[in-house]
Each structure stands twice: as structure tokens, then as C-alpha cells.
Amino acid sequence: MSIWIVVPTYNEAENLESLLQRIFSTIDAHVLVVDDASPDGTGQLAERLRHRWPQLDVLHRPGKAGLASAYMDGLRLVLSRNPTAIVHLDADGSHPPELIPTMLDALATTDLVLASRYVPGGTMGISPHRRLISAVGNWYIRGMLGTQIRDWSTGFKAWNPVLLARVLATDLRSQGYACLMEMNWRALQADATVAEIPLFFSERRAGDSKFSLNIIWEDIRLAWQLRRSR
Ligand code: GDD
Ligand code: MN
């Protein structure tokens, strides 16, 4: 029985080691890196780092297949390992792993804990342009899917495994980042309790964001479809 932390990676070689260092010095947990054959060698680097950290595991996927399937594969794999809690976060340093103990404390009394940019104390040290996209996106999704959740698109969460197994009992409809919203939606449909902990979201340390217009478009469409299917 242990805590599992899932980290999806695509070209995060410059960020991975320092992230793992921070995770393992913060908490006693297992980490699963889900790598999509990153051309920059993130997957091989992760293999080398396993010698240093035996609690590190790597799922190698044959090619870039999108964030939704990376999360489905990774989260289902750790669910099969009898975890007490499951956490996931970006590999790039914008999600501080030092917040994980606070999230796990909150998980003792809730089913799903979100590290949130949109509750008091939460904030964003990123470009005004990305901040605007995120703020407008979340405003739209709240209008479509409800205000019980403030930060619908955060990628930093802690899950009760029983709830997560229910949420992933069937494949997600989304392919990209919209999976984050879709999983929240399924959690609410399952009458889960959700708590949001303030997050200081900072700019990625190195490398490039995989964020694109397609992602925004999928979010807009899926929020609309989920609302109609209610
Ligand atoms: N395995 C795998 N496959 N990992 C991927 C893929 C993929 O196809 N695409 C992205 N990732 C990994 C990245 O390497 C990173 O660790 C994480 O998923 C998120 O990707 P970023 O490129 O860092 O996204 P972002 O920081 O621009 O987007 C942030 O804002 C979004 C909107 O608010 C993230 O916090 C998202 O979680 C959030 O939805
Ligand atoms: Mn990121």
C-alpha cells in the first residue's frame, strides 16, 4: 500500500531530474513517469534515474499519443498496484511537489483535491497571454459545467483511488488536455466531494509547452457536449 504519483512527459529531459529530486525529498511515494518516446531522451534518462531512486517506475509508450491516453494508461497502471492515494502533475516544474502533503491531508476528507489557480491564495506567474487564455477558458467551462469547480483545467490533482477507478471505468472521450476537465466532470457525476487548495502556478523551468489552439478547441467542444449529455 503506497502513494503513487503519475508524471506524463514529452520532451522534459531538462526538467525531470530536478522534479524527481523535489518529489522524493518531499514525500515517501512511488512515481510513474509516462513517456511517449520523447525525442529528447526523457525516457532513457528516466531509466537511468531508476538506479538512484528505486521507487521510480517508467511506462514507455511507442509514440506521442496525447495527454488523455497517457493519463489513462498511467493512472490505470498505478490503480492496479493497490495505491492509498494517486497524485498527478506536470513534469516541467510549474506544479510545486512541495504542495503534495497538503493535498494528501485534504484527501483524507474528500474524494478529489485540485491544486487550484482560482481560489484565494492561488495565483499564476505566467505570461499575460497564457493567463488570459486560462482565465477565459475556465470562465467558459464554469458556465457550461458548473461553479462547484473553480479551476477546471489544472493538471495537478490528488485522487481517492476508488473514485478514480470509477472515473476511468470507461475510456475518456477526450484526446488532449480536455481529459483533465472530463475527469472532473465524471467525478461530479459520481457525486464525489471536491476540494481546491491554492496553487502558485509558475512558468515551466525549461523546454516548450505542448499547449496549442487544438487544445482550446477540444475543451470548448467537449464542455458543450458534456453539458448536453447531462
Ligand atoms: N506522455 C505524454 N504524452 N505527456 C505529454 C503529452 C503527450 O502527448 N503532452 C503533454 N505531455 C506532458 C508534458 O510533458 C507535461 O509534463 C504535461 O504533460 C503538461 O504539458 P505542458 O506542455 O507542460 O502543458 P502546459 O503547462 O502548457 O499546460 C498547463 O495548463 C493547462 C491549461 O491550464 C497544464 O497545467 C495543464 O495541466 C493545463 O491543462
Ligand atoms: Mn506545464
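Above: the structure in question.
First, a word on scope: everything that follows refers to the structure included in this document. On a predicted model such as this, the values are computed, not experimentally measured, just so you know.

A few words now on the side chain of Arg22. Within the secondary structure layout, Arg22 lies in helix H1 (residues 13–26). Exposure remark for Arg22: the relative accessible area of 17% places this residue in the buried category. A polar atom in the side chain of Arg22 sits 2.8 Å from the side chain of Glu98.

A few words now on the pairing of strand E1 (residues 2–9). Consecutive side chains along a regular strand alternate between the two faces of the sheet. Here E1 lies mainly inside the structure; 8 of its 8 residues are buried. With 6 bridges joining them, E1 and strand E2 (residues 30–35) adopt parallel strand pairing. Of the residues in E2, the one forming a bridge with Pro8 is Val34. With H1 bridging E1 and its parallel neighbour E2, the resulting β-α-β unit is right-handed.

Two elements in contact, helix H5 (residues 128–145) and helix H8 (residues 213–229), have axes separated by 9 Å at closest approach and are oriented at 10°. Regarding the angle of H5 to H8, the classification is roughly parallel. Taken as a pair, H5 and H8 cross one another with a handedness that is right-handed. Contacts from Ile133, Tyr140, Gly143, Met144 and Leu145 in H5 reach Ile216, Asp219, Ile220, Ala223, Trp224, Leu226 and Arg227 in H8. The residue makeup of the contact of H5 with H8, split by class, is 9 nonpolar, 1 polar and 2 charged.

Right, let's get into the side chain of Asp36. Relative to the assigned elements, Asp36 resides in the loop between E2 and helix H2 (42–52). Classification of Asp36 by relative accessible area gives buried; the value is 5%. Contact partners of Asp36, with chain neighbours within four places excluded, come to Thr9, Tyr10, Arg61, Gly63, Lys64, Ala65 and Gly66.

Cut-offs applied
- Residues numbered from 1 in each chain as written.
- Chains lettered and ligands numbered in written order.
- Predicted model: local features only at pLDDT ≥ 70, side-chain atom pairs only at ≥ 80, totals over all residues.
- Heavy atoms only, no water.
- Helix = DSSP H or I, 4+ residues; strand = E, 2+ residues; numbered from the N terminus.
- Buried < 20%, exposed > 50% of the residue type's maximum accessible area, 1.4 Å probe, protein only.
- Polar contact = N/O pair within 3.5 Å; in protein donor to acceptor, adjacent residues only side chain to side chain.
- Pairing = 2+ DSSP bridges.
- Right-handed = clockwise from strand over helix to strand, strands pointing away.
- Axes fitted to C-alpha atoms, helices over the stretch in contact; angles between N-to-C directions.
- Parallel < 35°, antiparallel > 145°, perpendicular 65-115°, else oblique.
- Left-handed = near helix turned anticlockwise from the far one by under 90°.
- Contact = heavy atoms within 4.5 Å.
- Nonpolar A, V, L, I, M, F, W, Y, C, P; charged D, E, K, R; others polar.

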